[in-house]
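Results of the structural survey
Next come the chains, spelled out residue by residue.
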Amino acid sequence: MKRKLLAALIVLAIIPATLSAAPFFQVGPLVSYNKTVTEMQESTGEDWGNINNFSFGADIRINPLKYLSIDIPATIGFGNEKSVSIAVIPTVNVNIPITGFFDLAIGAGMQMDFQYVGTKHDWTMNGLPMDNAGDAFAQSKLVYRAGATFNLSFLSIGLNVLLPGKASFSQGGWDVMNPMWESTRVSAVALFNFG
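Predicted, not measured: the structure shown is a model, and the values here were computed from it.

Across all of its chains, the model carries five aromatic pairs by this definition. For the pair Tyr116 and Trp123, a centre-to-centre distance of 5.3 Å together with 40° between the ring planes defines the contact as tilted. We classify Trp123 as partly exposed; its relative accessible area is 34%.

Below is the structure:
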């Protein structure tokens, strides 16, 4: 009887040790559903089964402080004319630990879309040539992010919601900060934890 009690106490002591807050560095695969929330309401089972409705990439997170994180998701896609598109959406987030292994994050950042067209042998950012970097950055949009993450000892599983602003920084006005609710998108990540 004492051995069973001792084994149960050891297991109960190990579980909290393996469930912890977000580690310093996390990296792993990301999958994003390309349809917006309004389009999702009209989606059928065939839409969810179509691989072309998803984007794949990677997510990097740095958690320098308990309540602060930097999230850098990137997806890649391939198109006609040997084109390659890369979407990068870095955000700075406030982390809200709910339990020892579950946290919520709310933040904001900017969306940057890079494209390479093989026939032109040229990269663009937000539709503008890379040598015009200032204007290309100004074409970026403000993006709001909310995320929920389960942090285990070596792996974290998360679900993110990204909400773009209505206008780019170059267009100015309140629409830069005004969210475009109908364009909300979701993504899921599996992150390996280090540190």
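When the pLDDT values of the protein are averaged, the result is 83; 83% of them are 70 or greater. Counting interchain partners and residues more than four positions distant, the pLDDT-below-50 stretch residues 11-20 has nine contacts.

In this structure, strand S6 (residues 102-117) lies alongside strand S9 (residues 141-151), joined through ten bridges in antiparallel fashion. Directly across from Leu104, in S9, lies its bridge partner Ala148. Pairing of S9 with strand S10 (residues 155-168), which is carried by ten bridges, proceeds in the antiparallel orientation. Its bridge partner being in S10, Thr149 is matched across the sheet by Gly158.

Following the criterion strictly, the structure yields three salt bridges and no others. A salt bridge links Arg61 to Asp71; the nearest nitrogen and oxygen atoms lie 2.8 Å apart. Of this pair, Arg61 sits in strand S2 (residues 54-65) while Asp71 sits in strand S3 (residues 68-78), and the two are ten residues apart along the sequence. Residue Arg145 is joined to Asp71 by a salt bridge in which the shortest nitrogen-to-oxygen separation is 3.1 Å. Of this pair, Arg145 sits in strand S9 while Asp71 sits in strand S3; the two residues are 74 residues apart in sequence, bridging distant segments of the chain.

A few words now on the environment of Gly172. Mapped onto the secondary structure, Gly172 falls in the loop between S10 and strand S11 (185-194). A relative accessible area of 27% means that Gly172 is categorised as partly exposed. Gly172 sits 34 residues away from Ala138 along the chain, and the two C-alpha atoms are 9.5 Å apart.

A few words on the pairing of strand S1 (residues 25-33). Within a regular beta strand, the side chains point alternately toward one face of the sheet and then the other, so they alternate between its two faces. Relative to S2, S1 is paired through nine bridges, and the arrangement is antiparallel. Opposite Gly28, over in S2, you have Asp59 as the bridge partner. When S1 meets S11, the two strands line up antiparallel, connected through six bridges. The residue of S11 that forms the bridge with Leu30 is Val189.

Counting residues in hydrophobic clusters, the biggest one holds five residues: Val88, Met112, Phe114, Met125 and Ala136. Setting aside chain neighbours within four positions, we find Met112 in contact with Ile86, Ala87, Val88, Pro90, Met125, Asn126, Phe137 and Ser140.

What follows deals with unusual backbone geometry. Positive phi, close to 50°, is recorded for Asn126, a residue that is not glycine. Structurally, Asn126 is set in the loop between strand S7 (122-125) and strand S8 (128-129).

Conventions we followed
- Counting restarts for each chain: residues are numbered from 1 in the order of the written sequence.
- Where totals are concerned, whole chains, interfaces and linings use all residues; where local detail is concerned, this predicted model gives features only for residues with pLDDT of at least 70, and gives and counts side-chain atom pairs only at 80 or more.
- Side-chain measures here rest on the full set of heavy atoms in the structure, leaving out hydrogens and waters.
- Note on aromatic pairs: the rings of Phe, Tyr and Trp (six-membered ring only in Trp) are paired at centre separations within 6.5 Å, and the planes decide the class, stacked below 30 degrees, edge-to-face beyond 60, tilted for the rest.
- Any residue under 20% of the maximum accessible area for its type is buried, any over 50% is exposed, and the rest in between are partly exposed; the area is computed with a 1.4 Å probe on protein chains only.
- pLDDT runs from 0 to 100 and stands for how confident the predictor is about each residue.
- A contact between two residues is defined here by any heavy atoms of the two lying within 4.5 Å.
- Paired strands, as defined in this entry, are two strands with at least two bridges between them according to DSSP.
- Note on conventions: DSSP H or I runs of at least 4 residues are helices, E runs of at least 2 residues are strands, and numbering of each starts at the N terminus.
- For this analysis, a salt bridge means a side-chain nitrogen from Lys or Arg found within 4 Å of a carboxyl oxygen belonging to Asp or Glu.
- Only buried Ala, Val, Leu, Ile, Met, Phe, Trp, Tyr and Cys residues count toward a nonpolar core, and they belong to the same one when joined by side-chain atoms within 4.5 Å.

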